[in-house]
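One letter stands for each residue in the lines below.
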Amino acid sequence: MKAIVQERFGPPGTLELVDADRPEVSAGQVSVRVRAAALNPYDWHMLRGDPYVARLMGGVGLTRPKCRVAGIDVAGQVESVGADVPGLRPGDEVLGFCHGSFAEYARTTADLLVPKPAGLTFEQAAAVPMAAVTALRGIRTVGQVRAGQRVLINGAAGGVGTFAVQIAAGMAAEVTGVCSTRNVDLVRSLGAAHVVDHTREDFTDVRERYDVILDNVGNRPLSRLRRALTPTGTLVANGGGSPGRVFGAVGSMLRVIAVNGFVRQRLRTILPSAPAGPTQEDLLAVTALIEAGRLAPVIDRTCPLADTAEGLRHLEQGHTRGKIVITVP
């Protein structure tokens, strides 16, 4: 099979498209014929061997990646199943998480896969897992958003942000999205009642106060974020971090945790689903919203498997609208 691999940690330009062994399936495992995979800041950190990911997401090795094949978001067809895997058959169309998804075939477990909504292409489906589940957790599970609340989403045009705007609006919250000028119309079309163009104004100038803030960017000091909250509001800091801001993300998370015990406001952090927690339950929740017509992925661009490094370089620039998706022939 063809796979994108990396021998040592370094910039994404070190990735290579090589012939690799097709993964064998053992008991409890599922082999997936990959049709599309999405790029994430998570992938960037893993490929770079960033300490932030190594410490908080289970370790990736000291000098070499433990998993040479990159990627985690996947959409494709079940190729084969091992023993003790009920409910899945070869040919089933699925989406979910597979470590090593930047390849023609990847291996995972049944609890990290759900049926692909029939109305989605494989490319659209690949954009869903990490971003949509992280958004769901930020808005519903951790943010505990309720109807009528004022919710601000910083980074509203990004992968997590585009899903978060739709989820919060679908819960009857009054959503404000923060984005750049070129994304104002996009964010408004996703359901935001108000849009702040961060190139022209700063949402922390306290013109408005919000019940919940989901911060996907980490470009504002905690003190200013708190000023933009109501006295009992909730800040949800998405600790995934942007490429190139790993140590900044660690510092921000630690500050949020340290200050939380001394204020009335609820200060919380989340990590991208990579995966952790009730993953299949959350995947089923977001696919149910998609099937109901209440949630849709936004795709910035697609590129072939061989151009994965180029896609990651575009992701590093931090101006992606929605998701970048890798197509696998």
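Treat the numbers as computed from the prediction; the structure is a model and nothing was measured.

S.K.: Got a minute to help me understand helix H5 (residues 159-170) in this structure?
M.R.: Given 3.6 residues to a turn, an α-helix orients residues that are three or four positions apart in the same direction. In this model, H5 (twelve residues) spans 17 Å end to end at C-alpha, consistent with the 16 Å of a helix rising 1.5 Å per residue. Most of H5 sits out of view: ten of its twelve residues are buried. All buried positions along H5 are accounted for by Gly 159, Val 160, Gly 161, Thr 162, Phe 163, Ala 164, Val 165, Gln 166, Ile 167 and Ala 168.

S.K.: Which parts of the structure should I look at to understand the packing of helix H4 (residues 129-142) against H5?
M.R.: Relative orientation and spacing of two packed helices are given, respectively, by the angle between their axes and the distance between those axes. Between H4 and H5, whose axes approach to 8 Å, the crossing angle comes to 50°. One way to sum up the angle between H4 and H5 is to call them oblique. Taken as a pair, H4 and H5 cross one another with a handedness that is right-handed. Each of Ala 131, Ala 132, Thr 134, Ala 135, Leu 136 and Ile 139 in H4 lies in contact with H5, whose residues at this interface are Gly 159, Val 160, Phe 163, Ala 164, Ile 167 and Ala 168. Residues of the contact of H4 with H5, tallied by class, amount to ten nonpolar, two polar and no charged.

S.K.: So what exactly am I meant to see when it comes to the environment of Tyr 210 here?
M.R.: Locating Tyr 210 in the fold gives a position in strand S11 (residues 210-215). Separated by 17 residues in the primary sequence, Tyr 210 and Arg 227 place their C-alpha atoms 9.4 Å from one another. Beyond its immediate sequence surroundings of up to four residues, Tyr 210 is in contact with Arg 150, Val 151, Leu 152, Thr 176, Ala 228, Leu 229, Thr 230 and Gly 233.

S.K.: Where do I start with the sheet that holds S11 in this structure?
M.R.: Strand pairing in a sheet relies on backbone hydrogen bonds, with the paired strands running either antiparallel or parallel. What the six strands build is an open sheet, ordered S10-S9-S8-S11-S12-S13; its pairing is parallel. Two strands close off the open sheet at either side, each with one partner strand: strand S10 (194-197) and strand S13 (266-270). Averaged over all pairs of adjacent strands, the angle between their axes in this sheet comes to 15°, without regard to strand direction. Against the sheet, H4 makes contact with strand S8 (150-154), S11, strand S12 (229-238) and S13, and its axis sits at roughly 155° relative to S13, the strand it touches most.

S.K.: Quick question: what am I supposed to make of the pattern of salt bridges here?
M.R.: Two side chains bearing opposite charge may form a pair once their charged atoms approach each other closely. Using the criterion set out here, one finds 14 salt bridges in the structure. We note a salt bridge from Lys 2 to Asp 19, for which the minimum N-O separation is 2.8 Å. Taken together, the positions of Lys 2 in strand S1 (residues 2-5) and Asp 19 in strand S2 (residues 16-19) put the pair 17 residues apart, joining distant regions of the chain. Using a relative accessible area of 35% as the deciding quantity, one classes Lys 2 as partly exposed.

Criteria and cut-off values
- Residues numbered from 1 in each chain as written.
- Predicted model: local features only at pLDDT ≥ 70, side-chain atom pairs only at ≥ 80, totals over all residues.
- Heavy atoms only, no water.
- Helix = DSSP H or I, 4+ residues; strand = E, 2+ residues; numbered from the N terminus.
- Expected span 1.5 Å × (residues − 1).
- Buried < 20%, exposed > 50% of the residue type's maximum accessible area, 1.4 Å probe, protein only.
- Axes fitted to C-alpha atoms, helices over the stretch in contact; angles between N-to-C directions.
- Parallel < 35°, antiparallel > 145°, perpendicular 65-115°, else oblique.
- Left-handed = near helix turned anticlockwise from the far one by under 90°.
- Contact = heavy atoms within 4.5 Å.
- Nonpolar A, V, L, I, M, F, W, Y, C, P; charged D, E, K, R; others polar.
- Pairing = 2+ DSSP bridges.
- Salt bridge = Lys/Arg side-chain N within 4 Å of Asp/Glu carboxyl O.

On their own, these measurements won't tell you what the molecule is for.
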